[in-house]
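For reference, the chains in residue letters:
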Amino acid sequence: MPKCGESETRDAIGAASDAWGAWRAKTAAERGSLIAGLAGLMRRDTDRLAELMTLEQGKPLAEARGEIAYALSFLDWSAEEAKRVYGDVVPASAPDKRILALRQPVGVTAIITPWNFPSAMITRKLGPALAAGCTAVVKPAEDTPLSAIAIGELAVEAGFPPGVINIVTGDPRAIGGAMLDDERVRKISFTGSTPVGRLLMEQASKHLLRLSLELGGHAPFIVFEDADMDRAVESAVACKFRNAGQTCICANRFYVHESVHDRFVERFGAAMEGLKVGNGMGEGVNIGPLINDAGIEKVEEHVADAVSKGAKVVRGGRRASVEGCVDRFFQPTLITGMTPDMRVATDETFGPVAPVAAFSSEEEVVRLANDSEYGLAAYFFTDNASRVMRVSETLEYGIVGVNDGGPSTAQAPFGGVKHSGLGREGGKYAMDEYTELKYVSWRL
Ligand code: ADP
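Rules of the game
Residues numbered from 1 in each chain as written. Predicted model: local features only at pLDDT ≥ 70, side-chain atom pairs only at ≥ 80, totals over all residues. Heavy atoms only, no water. Helix = DSSP H or I, 4+ residues; strand = E, 2+ residues; numbered from the N terminus. Rg over C-alpha atoms; globule rule 2.2 N^0.38 Å. Buried < 20%, exposed > 50% of the residue type's maximum accessible area, 1.4 Å probe, protein only. Contact = heavy atoms within 4.5 Å. Areas by Shrake-Rupley, 256 points an atom, 1.4 Å probe, with all protein chains shown as cover. Pairing = 2+ DSSP bridges. Axes fitted to C-alpha atoms, helices over the stretch in contact; angles between N-to-C directions. Near = heavy atom within 4 Å. Polar contact = N/O pair within 3.5 Å; in protein donor to acceptor, adjacent residues only side chain to side chain. Nonpolar A, V, L, I, M, F, W, Y, C, P; charged D, E, K, R; others polar. Expected span 1.5 Å × (residues − 1). Bend = angle between axes of the 7 residues up to and from the residue.

Q: Quick one: what's the story with the overall build of the protein, residue by residue and with numbers?
A: A count of helices and strands for the protein gives 14 helices and 18 strands. Over its C-alpha atoms the protein spans a radius of gyration of 23 Å, differing by no more than 12% from the 22 Å that the globule rule assigns to 444 residues. Its C-alpha atoms put the protein at 70 × 55 × 40 Å along the principal axes. Across the 444 residues in the protein, those meeting the buried criterion constitute 55%. Pairs at least 24 apart in sequence give 73% of the contacts found in the protein among residues at least 6 apart. For the protein, the exposed area adds up to about 18300 Å²; of that, 51% sits on carbon and sulfur atoms.

Q: Break down the sheet that holds strand β2 (residues 97–105) for me, with residues and values.
A: The three strands lie next to each other as β1-β2-β18, forming an open sheet whose pairing is antiparallel. Edge strands, defined here as strands with exactly one partner in the open sheet, are β1 (88–90) and β18 (435–443). If you compare each strand with its neighbour and ignore which way they point, the axes differ by 25 degrees on average. Sheet topology places β1 next to β2; three bridges connect them, and they run antiparallel. Of the residues in β2, the one forming a bridge with Asp 88 is Ala 101.

Q: Mind laying out unusual backbone geometry, listing which residues take part and the relevant values?
A: The phi angle at Asn 243 is positive, at roughly 55 degrees, despite the residue not being glycine. With respect to the helices and strands, the residue Asn 243 is situated in the loop between α9 (229–241) and β9 (251–257). Judged by relative accessible area, Asn 243 falls into the buried class, the value being 1%. Even without being glycine, Lys 418 reaches a positive phi, approximately 50 degrees.

Q: How would you explain the site of the ligand if you had to name every residue and give the values?
A: Near the ligand lie 17 residues; those nearest to it are Thr 113, Trp 115, Lys 139, Glu 142 and Ser 193. One of the side-chain N or O atoms of Glu 142 is found 2.5 Å from an oxygen atom in the ligand. The side chain of Ser 193 places a nitrogen or oxygen atom 2.6 Å from an oxygen atom of the ligand. When the free accessible area of the ligand is taken as 560 Å², the share hidden by the protein chains comes to 79%. Considered class by class, the residues forming the shell around the ligand number nine nonpolar, five polar and three charged.

Q: Lay out helix α1 (residues 6–25) in plain terms, naming residues and giving numbers.
A: Turn by turn, an α-helix covers 3.6 residues, leaving residues three or four places apart pointing in a common direction. When the terminal C-alpha atoms of α1 are compared, their 29 Å separation across 20 residues agrees well with the 28 Å that a helix rising 1.5 Å per residue should span. Along α1, the sharpest kink reaches roughly 40 degrees, centred on Ala 19. Of the positions making up α1, those classed as buried are Thr 9, Ala 12, Ile 13, Gly 14, Ala 16, Ala 19 and Trp 23.

Structure, rendered in structure tokens:
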């Protein structure tokens, strides 16, 4: 991979800026058709792209295939949505006046993405940006540049004009710095950690850039006494162990009503027995390696910290060795007796560790759930309809899964509150992030 820095980033911004005029002048149908074309090529090449992703990122091949389908769904959706970027005609206060509110593309968009979803985090931003009429400079994570370049190659094959999509791999600080220092860039869309998001927000003040930030999370997963236990357990496994727990909306802390706590722990532990740790290319593997040494060390520290503060390891708790592979696998881990002073209860573990605590009342658990600097996703399981509405409204989170551990989908608004970020991605809402309203006051 090329190690690009400041000057290559400026070149890419120059190309995006030069290409912008012609790109925004295309009809929405023309832009949509190119975006749909790219989705089609990703669909055609799903196996190849998924293999590449597993080889560079480690997630099991079935999950990588799922991610390619998810990634291209954002392009499919955006291709359609390009045609629905409506403005308004507002009734005026004088008979000889007309008021128009036009929605126009913001301009050159800088996109910075993480390694945990190497394709989908790019298309979730690129799709609506292109659909709205923006051009883009993409900086993928340094751990997963290959999946990004593969999308770039397919964009060339799809016939995108040069300069509309630019990909810059290399030094994050130099590239990010150049993006934010350049007045030709009008918008930045970032998915990653809260500290880097905060830094970008500070740097964005120079040119008063528009920002979309999808940052860290610390999702509570609540099981009420009236929950459907089968559904809760199945969702807990999927929500916790997808991508080896390295997702910003995965369940981080489990709160289970005291009357069903032991039953849930037993069932959850039994379901975890079926999870196979191994090389992501292997048959039937559910949990691959963690992304890097710092990633696995953090997981170990979290478990050790919890144990030192009185938690009990019910299952797992250590590294797993996989023959012929790097030493970066962690056993699916279940711990009970979580207390608020433990790191697992407040920091993102980003690994396959499920800490559980018992609670006794709805009021108590909602307070515990909201006691976090983050506010991305929260989950709860209940069959009580009034509770569904009451708790959904009280949780201070951008995304709430009710009896559902997998809420992500292209047409829904995805994003957080508090330290989890600003703005929404997905669906019609994403178009707001890449368009500016222009008011035209017209005297006849
Ligand atoms: P994670 O902890 O998930 O790796 P990061 O926030 O460090 O999250 O990384 C997410 C993305 O932000 C990556 O593409 C990374 O290269 C990029 N990044 C990290 N530091 C900076 C920075 N100072 N400026 C711009 N981008 C950065």
